[in-house]
Amino acid sequence: FPALPQERHGTVVNGHSQLAALIVRAVDLDIRPGDLLVVSFGHNDANHNKAERYVSADAFGESLRPFWDAARSHGAVCIFVSPVAMREFDEAGVCHPSFAAYREAMRAFAAEVGAPFIDLGAATAAANTAFGAERCKARYMWVGAKQDNAHQQNAGACRTAQAFVQQLLQDTTPALDVLRANFK
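Residues numbered from 1 in each chain as written. Predicted model: local features only at pLDDT ≥ 70, side-chain atom pairs only at ≥ 80, totals over all residues. Heavy atoms only, no water.

Student: Teacher, can you tell me more about empty space enclosed by the protein here?
Tutor: Gaps left between atoms are located by rolling a probe of water-molecule size over the structure's atoms. Summed over the entire model, instances satisfying the criterion amount to one cavity of 30 Å³ or more. Volume-wise, the largest cavity comes out at about 50 Å³. Around the largest cavity sit Thr124, Ala127, Asn128, Arg139, Tyr140, Gln152, Gly156, Arg159 and Thr160, which together line it. Of all the secondary structure elements, the ones that give two or more residues to the lining of the largest cavity are helix H5 (120–131) and helix H6 (154–170). Its residues assigned to classes, the lining of the largest cavity shows two nonpolar, five polar and two charged. (1 Å grid on protein atoms, 1.4 Å probe; cavity = no way out; pocket = protein on both sides within 12 Å on 5 of 7 lines; lining within 4 Å. Points joined across faces, edges and corners; volume = space filled by probe spheres on them. Helix = DSSP H or I, 4+ residues; strand = E, 2+ residues; numbered from the N terminus. Nonpolar A, V, L, I, M, F, W, Y, C, P; charged D, E, K, R; others polar.)

Student: Looking at this structure, I do not really get the pairing of strand E4 (residues 140–143). What am I missing?
Tutor: Regular strands place their side chains on alternate faces of the sheet. Looking at chain direction, E4 and strand E5 (residues 146–152) are connected through four bridges and run antiparallel. What sits directly across from Trp142, in E5, is Gln147. The hairpin turn running from E4 into E5, its antiparallel successor, is two residues long, and Gly144 in that turn takes a positive phi close to 60°. (Pairing = 2+ DSSP bridges.)

Student: Mind showing me how you'd approach the packing of aromatic side chains here?
Tutor: If you walk through the whole model with that rule in mind, you get two aromatic pairs. Arranged with centres 5.6 Å apart and planes meeting at 90°, the rings of Phe80 and Phe109 form a pair that is edge-to-face. Note that Phe80 is positioned in strand E2 (residues 77–81) and Phe109 in helix H4 (residues 100–113), a separation of 29 residues in sequence. Across this residue pair, the class does not change: Phe80 and Phe109 are buried. When the ring centre of Phe131 is taken as reference, the NZ or CZ atom of Arg135 above it lies at 3.9 Å. Arg139 extends its terminal NZ or CZ atom over the ring of Phe131, reaching a point 3.6 Å from the ring centre. (Phe/Tyr/Trp six-rings, centres within 6.5 Å; stacked < 30°, edge-to-face > 60°. Buried < 20%, exposed > 50% of the residue type's maximum accessible area, 1.4 Å probe, protein only. Lys NZ or Arg CZ within 6 Å of the ring centre and 35° of its normal.)

Student: What is the right way to look at unusual backbone geometry in this model?
Tutor: Most peptide bonds adopt trans geometry, and most residues besides glycine take a negative phi value. A positive phi angle, near 55°, is found at Phe99, a position not held by glycine. With respect to the secondary-structure elements, Phe99 resides in the loop between E2 and H4.

Student: Just checking my understanding: could you explain the packing of H5 against H6 for this structure?
Tutor: Helix-helix packing is characterised by the crossing angle of the two axes and by the distance between the axes. For the pair H5 and H6, interaxial distance at closest approach is 9 Å and the crossing angle is 125°. Relative to H6, the element H5 lies oblique. Classified by chirality, the crossing of H6 by H5 is right-handed. When H5 is examined against H6, the residues Leu120, Ala123, Thr124 and Ala127 are found in contact with a partner set consisting of Arg159, Thr160, Ala163, Phe164 and Gln167. Its residues placed into classes, the contact of H5 with H6 shows five nonpolar, three polar and one charged. (Axes fitted to C-alpha atoms, helices over the stretch in contact; angles between N-to-C directions. Parallel < 35°, antiparallel > 145°, perpendicular 65-115°, else oblique. Left-handed = near helix turned anticlockwise from the far one by under 90°. Contact = heavy atoms within 4.5 Å.)

Student: What is the right way to look at the sheet that holds E2 in this model?
Tutor: Within a sheet, each strand pairs with its neighbour through backbone hydrogen bonds, oriented either parallel or antiparallel. With parallel pairing, the three strands of this open sheet are ordered in space as E1-E2-E3. Single-partner strands in this sheet number two, and they are strand E1 (36–39) and strand E3 (117–118). Bridge count for E2 against E3 is two bridges, and the pairing is parallel. The residue bridging Phe80 from the neighbouring strand is Phe117, located in E3. Contacts between helix H3 (residues 65–73) and the sheet are confined to E1 and E2, with E2 contributing the most and set at about 155° to the helix.

Treat this as a map of the structure, not an account of what it does.
Next comes the structure, spelled out in structure tokens:
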């Protein structure tokens, strides 16, 4: 990927849902005007067995508002990104986007507030389908006895980054022009 001309930094907290992120203040609110806040949740929010993480699909969209409000109040652009597809295939060998209700809630919230929405779930599901269930094991954490269909190895992370850039380049939201220009 090309080097971006501006300084960038990120805050990622592994294993957190957006609810936990709010509680532990995992989102760095040291946001400056013109920054991009990329918000992607869903995998851990759907885990109803862990009350500290769980957010119902019905409440998920509105629970994204603090991130939108924080970005806007600091003059930043907030981009909502659906969760990466898990390595799950149907009988026909098709990988479908994971966490459909959460993905749709995020899409609806982004549309409501006028924020960009990148459907990384659909893009990574399509990439997984094209690659095939067996070959996808090399992208996910199928290492030794470990069989993890959620977390990715470097090859999967690189493919996910490529899918994000492809979706970004197809998006026509003017607020993303500066970011998009770096990938053309």
